[in-house]
Amino acid sequence: MIQFLLNRELRTEHALDPNVTVLQYLREHVGKPGTKEGCASGDCGACTVVVGELDGERVRYRTLNSCLTFVSSLHGKQLISVEDLKHQGRLHSVQQAMVDCHGSQCGFCTPGFVMSLFALQKNSTSFDKAETMEALAGNLCRCTGYRPIIDAAEQACCQQQPDQFDAVEAQTVAQLKAIAPRDTAELNSGDKRCLLPLTVADLAELYAANPEARLLAGGTDLALEVTQFHRELPVMIYVGHIESMKRVEVTAEHIEIGAATALSDCYTALAAEYPDFGELLHRFASLQIRNQGTLGGNIGNASPIGDAPPLLIALGAQIVLRKGNDTRSLPIEDYFLDYKVTARQEAEFIEKILVPRAQANQAFRAYKVSKRLDDDISAVCAAFNLRIEDGVVQDVRIAFGGMAAIPKRAAACEAALLGGVCYPAEIERACAALAEDFTPLSDFRASKEYRLLTAQNLLRKFFLELNAPEVETRVTAYV
Ligand SMILES: Cc1cc2nc3c(=O)[nH]c(=O)nc-3n(C[C@H](O)[C@H](O)[C@H](O)COP(=O)(O)OP(=O)(O)OC[C@H]3O[C@@H](n4cnc5c(N)ncnc54)[C@H](O)[C@@H]3O)c2cc1C
Ligand code: FES
Ligand code: FES
């Protein structure tokens, strides 16, 4: 049984297929068709809803793609859809702003934009163009154009008044506390089940007892199996209620990130230590996906074009794997064995990721090349991590995504640079060595020739940027 708030109404679901998405639930189960389906793959934002979660004595509101969210993950939370915004016969201020600024034509994308604007308004105190662009990057409109929608965002953020959600926030907090999960929950229908443990120990036990289960974190990869490939997932274990797996801790040696931490929540610690990791996270999918998708899911999915793995490999990150009561630590580069084949054993899961802290004389850069700036998958993703002392390369770790069946280190390229002084001839030798390291494939994102040339040019760009004056402050000993 799971419980959640549909706006303010308590919903208790005893028997519901765990493969039902929030979008289907809204449209087909509770008769709220305001939320639209555009792509069913997380790309268009038409299905955007807002989910409220307890944050101390407040409610934190975040956007999600309802087409990729299974209803089970709403347990203990509040779901707000576009129907909930109009109150006492009056449009919500974000809806009124869309009307006033002519932010809608065919209207298909509009509910999704309205919900993104609603969450933006809830999370900001004034208008900020960059924040607005980030909030809207996961919403596509093909009729209106974005200028009037950005105007609507400005109006909504500048003229915000307390709304009906603010008026009852204390009651909502009390309602959410009353339904806060206290033990492992289960949602099932027939022989389809989703188990929702609360602790790592319970997860380990349940996974050992159900090794055929699929782990569900944000579902932004997993749900595609249902919505795009029309498969059924008979047994899932949801990891999103395990607090210790959603924690980010900065110790003297590491940034320790629980595997179930949403990418949005990884941002602050990673961007503070490695600004390029922050840049990459800005370019990772859309805000809706980052609010939902996790770092553990990005590794667990083992895609050759996943964005975090090349950076984590270059940084020398370790992952902590757990099976039953046993844990082991593995350099992340050893996790990926072949296309979608990993070193993970049956019933083993990623518990956390340990990212080493930055060191003196370390130069770390990451680059993502994709057809669109926002909400697009990499054709090539590159990460360079060098330690240069007295002008000599003392340590070098270089990794690429999109260049092989797995995210992978560039061993020959690294060897060409190690011990050298980064003279142009050495850099060119390292570029040539990339052809030994990788035999990329052609696909609809890029040809093999484009991928190899891009990888080489990114290496050149890295060294050019190291020499740029504004970079020298970050690379203290580089000459
Ligand atoms: C529109 C769209 C845009 C995207 N853009 C990007 C992008 O720019 N860059 C990018 O890299 N990815 C992108 N993705 C892919 C996806 O969002 C990421 O891979 C995300 O990090 C997956 O995390 P999740 O929590 O949603 O994983 P889930 O879908 O829940 O899980 C993914 C896989 O990992 C497994 N898994 C989950 N948690 C664990 C764990 N703790 N231990 C072991 N296995 C586990 C699951 O069983 C599943 O097989 C995009 C996806 C969509 C739909
Ligand atoms: S329907 Fe397009 S993102 Fe969900
Ligand atoms: S108004 Fe038609 S797609 Fe946006």
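Shown above is the structure to which this text applies.
A few points on the structure. All figures in this text were calculated on a predicted structure; none of them were measured in a lab.

## Details of the overall build of the protein chain
Thinking step 1. Looking only at helices and strands, the protein chain has 18 helices and 20 strands in total.
Thinking step 2. Taking 23 Å as the expected radius of gyration for a compact globule of 479 residues, we find that the protein chain reaches 23 Å, a close match to that expectation.
Thinking step 3. Expressed along its principal axes, the backbone C-alpha trace of the protein chain runs to roughly 70 × 55 × 40 Å.
Thinking step 4. The buried share of the protein chain, taken over its 479 residues, is 56%.
Thinking step 5. Approximately 20000 Å² of the protein chain is accessible, and the part contributed by carbon and sulfur atoms is 50%.

## Here we look at the sheet that holds strand β18 (residues 380–389)
Thinking step 1. Ordered by their spatial adjacency, four strands build an open sheet running β17-β18-β19-β20, and the pairing between neighbours is antiparallel. Each edge of the open sheet carries a strand with a single partner, namely β17 (362–369) and β20 (408–409).
Thinking step 2. Bridging between strand β19 (residues 392–401) and β20 involves two bridges; their strand directions are antiparallel. Bridging from a neighbouring strand, alanine 399 pairs with arginine 409 of β20.
Thinking step 3. Packed on one face of the sheet, helix α17 (residues 448–467) meets β17, β18 and β19 and runs near 145° to β17.

## Some words on the site of ligand 1
Thinking step 1. Near ligand 1 you find 33 residues, and of these Leu215, Thr220, Asp221, Thr294 and Asp307 are the closest.
Thinking step 2. Backbone polar atom of aspartate 307 to an oxygen atom of ligand 1: 2.6 Å apart, as the coordinates give it.
Thinking step 3. Interatomic distance of 2.9 Å between a side-chain N/O atom of lysine 368 and an oxygen atom of ligand 1.
Thinking step 4. Residue assignment for the shell around ligand 1 shows that the elements contributing at least two residues are β8 (214–216), α13 (295–300) and β16 (349–356).
Thinking step 5. Across the shell around ligand 1, the residue classes break down as 13 nonpolar, twelve polar and eight charged.

## Re the packing of aromatic side chains
Thinking step 1. By the definition in use, this model includes twelve aromatic pairs.
Thinking step 2. Ring centres 6.5 Å apart and planes at 70° place the aromatic pair tyrosine 61 and phenylalanine 165 in the edge-to-face group. In this pair, tyrosine 61 is assigned in strand β4 (residues 58–65) and phenylalanine 165 in helix α6 (residues 164–167), connecting sequence segments 104 residues apart.
Thinking step 3. By the ring-pair criterion, three or more aromatic residues cluster together here, those being Tyr367, Phe384, Phe400, Phe438, Phe462 and Phe463.

Reading the values: the criteria
- Residues numbered from 1 in each chain as written.
- Chains lettered and ligands numbered in written order.
- Predicted model: local features only at pLDDT ≥ 70, side-chain atom pairs only at ≥ 80, totals over all residues.
- Heavy atoms only, no water.
- Helix = DSSP H or I, 4+ residues; strand = E, 2+ residues; numbered from the N terminus.
- Rg over C-alpha atoms; globule rule 2.2 N^0.38 Å.
- Buried < 20%, exposed > 50% of the residue type's maximum accessible area, 1.4 Å probe, protein only.
- Areas by Shrake-Rupley, 256 points an atom, 1.4 Å probe, with all protein chains shown as cover.
- Pairing = 2+ DSSP bridges.
- Contact = heavy atoms within 4.5 Å.
- Axes fitted to C-alpha atoms, helices over the stretch in contact; angles between N-to-C directions.
- Near = heavy atom within 4 Å.
- Polar contact = N/O pair within 3.5 Å; in protein donor to acceptor, adjacent residues only side chain to side chain.
- Nonpolar A, V, L, I, M, F, W, Y, C, P; charged D, E, K, R; others polar.
- Phe/Tyr/Trp six-rings, centres within 6.5 Å; stacked < 30°, edge-to-face > 60°.

Treat this as a map of the structure, not an account of what it does.
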